[in-house]
Amino acid sequence: MTAIAPAPETLKDTVVAALGTLVRRIDVRLGEVTVEVAPQGYLAAARILRDAPGCRFETLVDLCGLDYSAYGDAVWEGARYAVVSHLLSVSLNQRLRLRVFAADDAFPVVDTLTDVWRAANWYEREAFDLYGIVFEGHDDLRRILTDYGFIGHPFRKDFPLSGHVEMRYDAELRRVVYQPVSIEPREITPRIIREDNYGGLQG
């Protein structure tokens, strides 16, 4: 029989009681609970959330990186890079979002969760590849989506849309070569035409 999911406010109180001073911030929005912890308490918080009787989040559903610079088209106050994990307790029928911000924007580092949830492995590699977030203690942290010769991290908001290098097959050398991007950087703004009574609608 499936357990009845607790109300978000009840889960919030349970998480606060389990994590104690490790909680930096906790919110309930749209029926979902998000708890934020400091980077130095990230690994300890993950273990508690997995093992504490009222939590028992035995499954890591997803983990991703985030770049908060220019968040919401505004100036973001605070650390730039975050890691967000979505946790599931099958036994207690509840979900939780865990967030941690890396302390250093120039070299973002957080602990790996692979010793807590093995499923974190490829997710953390993806966050490293796309955002440049380093996961301390990960035993195989290397690119997973981009090519070996790729320069930079393409999901960072300051990464150019055209990238830095392009690759092509060179018939004379009979191999793939890398070269600087030959596309001129440009900003494409869509042309909008407004017409009165377009499609029979009153403007």
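(A) View of unusual backbone geometry. Positive phi values are uncommon outside glycine, yet Leu30 reaches one of about 55°. Examined against the element boundaries, Leu30 turns out to sit in the loop between β1 (23-29) and β2 (32-37). One non-glycine residue with positive phi stands out, namely Arg56, at about 50°. Counting through the fold element by element, Arg56 comes out in the loop between α2 (42-51) and β3 (59-67).

(B) Focus on the side chain of Ser85. Note on placement: Ser85 falls in strand β4 (residues 81-89). Since its relative accessible area comes to 0%, Ser85 is described here as buried. Once residues within four sequence positions are removed from consideration, Ser85 is found in contact with Tyr42, Leu60, Asp62, Leu63, Leu96, Arg97, Leu98 and Leu113.

(C) Representation of the layout of surface pockets within the structure. Here the largest pocket is characterised by a volume of approximately 390 Å³. In terms of lining, the largest pocket is formed by 16 residues, of which the most central are Asp27, Arg29, Tyr68, Tyr71 and Arg99. When contributions to the lining of the largest pocket are tallied by element, the ones reaching two or more residues are β1, β2 and β5 (94-101). Per-element tally for the lining of the largest pocket: the top contributor is β1, with 4 residues. Looking at the lining of the largest pocket residue by residue, the class counts come to 8 nonpolar, 1 polar and 7 charged. If you go around the second largest pocket, you meet 17 residues; those closest to its centre are Glu32, Val33, Gln94, Arg95 and Leu96.

(D) A look at helix α3 (residues 120-131). Spanning 12 residues, α3 covers 16 Å between terminal C-alpha atoms, matching the ideal 16 Å at 1.5 Å per step. Most of α3 sits inside the fold, with 9 of its 12 residues counted as buried. Taken together, the buried positions of α3 are Ala120, Asn121, Glu124, Arg125, Ala127, Phe128, Asp129, Leu130 and Tyr131. Considering only its buried residues, α3 is in contact with β3, β4, β6 (109-111) and β7 (134-136). One or two steps after α3, the chain reaches Gly132, where phi turns positive at roughly 75°.

Parameters and conventions
Residues numbered from 1 in each chain as written. Predicted model: local features only at pLDDT ≥ 70, side-chain atom pairs only at ≥ 80, totals over all residues. Heavy atoms only, no water. Helix = DSSP H or I, 4+ residues; strand = E, 2+ residues; numbered from the N terminus. Buried < 20%, exposed > 50% of the residue type's maximum accessible area, 1.4 Å probe, protein only. Contact = heavy atoms within 4.5 Å. 1 Å grid on protein atoms, 1.4 Å probe; cavity = no way out; pocket = protein on both sides within 12 Å on 5 of 7 lines; lining within 4 Å. Points joined across faces, edges and corners; volume = space filled by probe spheres on them. Nonpolar A, V, L, I, M, F, W, Y, C, P; charged D, E, K, R; others polar. Expected span 1.5 Å × (residues − 1).

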